[in-house]
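Structural characterization, general
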Amino acid sequence: MNFLLSDSNLPFAVALSVLVLLALVQLVGLGDLLGDADADVDVDVDAEADLGFAGGLASVIGFGRLPLLIWLSLLLAVFALLGLGGQQAMLGFTGDTMPALPAAGLAALAAFPLTGALARPLARILPHDETSAVGIDSLIAKRGYIEIGRATRGSPARAAVGDRFGTIHHVMVEPNEDGEVLESGAEVLLVRRDGDIFYAIAVEARPF
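The sections below set out a description of the structure shown in this document. Keep in mind that this is a model prediction, so the values were computed, not measured.

1. Re the overall build of the protein
Regarding its fold elements, the protein presents 5 helices and 5 strands. Reading the secondary structure of the protein in the N-to-C direction produces α-α-α-α-α-β-β-β-β-β. Split into buried and exposed, the 208 residues of the protein put 35% on the buried side. Restricting to contacts in the protein with at least 6 residues of sequence separation, those with at least 24 account for 60%. Within the structure as shown, the protein displays about 11,400 Å² of accessible surface, and the carbon and sulfur contribution to it stands at 64%.

2. What to know about helix α5 (residues 100-125)
Residues lying three or four places apart along an α-helix face the same way, a consequence of the helix completing one turn every 3.6 residues. Taking 1.5 Å as the rise per residue, α5 with 26 residues should run 38 Å; its terminal C-alpha atoms sit 35 Å apart, in good agreement. Considering bend angle alone, the principal kink of α5 is centred on A119 and spans about 30°; proline P121 follows within four residues of it. A103, A104, A107, A111, T115, G116, A119 and A123 are the residues of α5 that are buried.

3. A short note on helix α4 (residues 68-94)
Between the first and last C-alpha of α4 there are 38 Å, a value that for 27 residues agrees with the 39 Å anticipated at 1.5 Å per step. Those residues of α4 that sit buried are L69, W71, L74, L75, L76, V78, F79, A80, G83, L84 and Q87. Just beyond α4, the residue with positive phi is G95, at close to 85°.

4. Focus: the packing of aromatic side chains
Scanning all chains against the criterion turns up 1 aromatic pair. Where F12 meets F79, the ring centres are 5.1 Å apart and the plane angle is 50°; that geometry is what we call tilted. Linking F12 in helix α1 (residues 10-27) with F79 in helix α4, this pair joins segments that are 67 residues apart in sequence. For the pair F12 and F79, one class covers both residues: buried. The side chain of R192 reaches across the aromatic face of Y199, ending 4.0 Å from its centre.

5. What to know about the nonpolar core
Soluble globular proteins: nonpolar side chains tend toward being buried together. Ranked by internal contacts, the top residues of the largest apolar core, which has 20 residues, are F12, A15, L66, W71, F79 and A111. Those elements that place two or more of their residues in this core are α1, α4 and α5. The element contributing the most residues to this core is α4, with 9 residues. One finds L139, A157, A159 and V171 within the second-largest nonpolar core, a separate group that totals 14 residues.

6. What about the sheet that holds strand β1 (residues 143-148)?
Strands sit in the order β1-β2-β3-β5-β4 around a closed barrel of 5 strands; the barrel is mixed. Along the sheet, successive strands turn relative to each other by an average axial angle of 55°, direction set aside. Relative to strand β3 (residues 168-175), strand β2 (residues 157-162) is paired through 6 bridges, and the arrangement is antiparallel. Within β3, the residue paired with V161 across the bridge is H169.

7. Thoughts on the side chain of N9
As for its placement among the helices and strands, N9 is situated in the segment before α1. Apart from residues no more than four positions distant in its own chain, N9 is found in contact with F3, L4, L84 and Q87.

8. With respect to the pattern of salt bridges
Taken as a whole, this structure holds 6 salt bridges when the rule is applied. The salt bridge involving R153 is made with E174; its shortest N-O contact spans 3.8 Å. Of this pair, R153 sits in the loop between β1 and β2 while E174 sits in strand β3, and the two are 21 residues apart along the sequence. On the accessibility criterion, R153 (34% relative accessible area) is partly exposed.

Each value, and the rule that gives it
- Residues numbered from 1 in each chain as written.
- Predicted model: local features only at pLDDT ≥ 70, side-chain atom pairs only at ≥ 80, totals over all residues.
- Heavy atoms only, no water.
- Helix = DSSP H or I, 4+ residues; strand = E, 2+ residues; numbered from the N terminus.
- Buried < 20%, exposed > 50% of the residue type's maximum accessible area, 1.4 Å probe, protein only.
- Contact = heavy atoms within 4.5 Å.
- Areas by Shrake-Rupley, 256 points an atom, 1.4 Å probe, with all protein chains shown as cover.
- Expected span 1.5 Å × (residues − 1).
- Bend = angle between axes of the 7 residues up to and from the residue.
- Phe/Tyr/Trp six-rings, centres within 6.5 Å; stacked < 30°, edge-to-face > 60°.
- Lys NZ or Arg CZ within 6 Å of the ring centre and 35° of its normal.
- Core = buried A, V, L, I, M, F, W, Y, C linked by side-chain atoms within 4.5 Å.
- Pairing = 2+ DSSP bridges.
- Axes fitted to C-alpha atoms, helices over the stretch in contact; angles between N-to-C directions.
- Salt bridge = Lys/Arg side-chain N within 4 Å of Asp/Glu carboxyl O.

Written out as structure tokens, the structure reads:
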């Protein structure tokens, strides 16, 4: 206990305390109040290239692959275990621990990618019935196809787009670029929304 509560291990003791607090929040049911936060956090693997650096970073750390509270709990647990394990090893080799800030920095550098690596298999085995509701903006960066009609600027067509739960949404779509035409059956990528209208580009026409 003295080792855990030492000044050099303060960041890891705080991480464990927050982890316990999150567990208690879930046990008493307050986690339901945060359910909406989970609904809109999603990184579509197929669209990571379209989202650029932010999407790639989210993929590396596993953000969006798990419900937010589960991902945060996993990160805190990995951070605390890596930090305490590293400090214990340092104590055994040198007779002393590292100062708190350098130890926390090294543990965080290792914790984020390790959390991402663990999130992938966990996402496959965890049940996904915590919610099937998604925010409409979560459909941005998702792929679909023109289902009915021929979309031009000012004349939308109906598209079918799947969310992260596999639910199909029917939305009205216009081309993102002036002069572009999205024919019936064309595969599209939603890139933005304005009111009830989504704007899309043909997948084959992406410049990246």
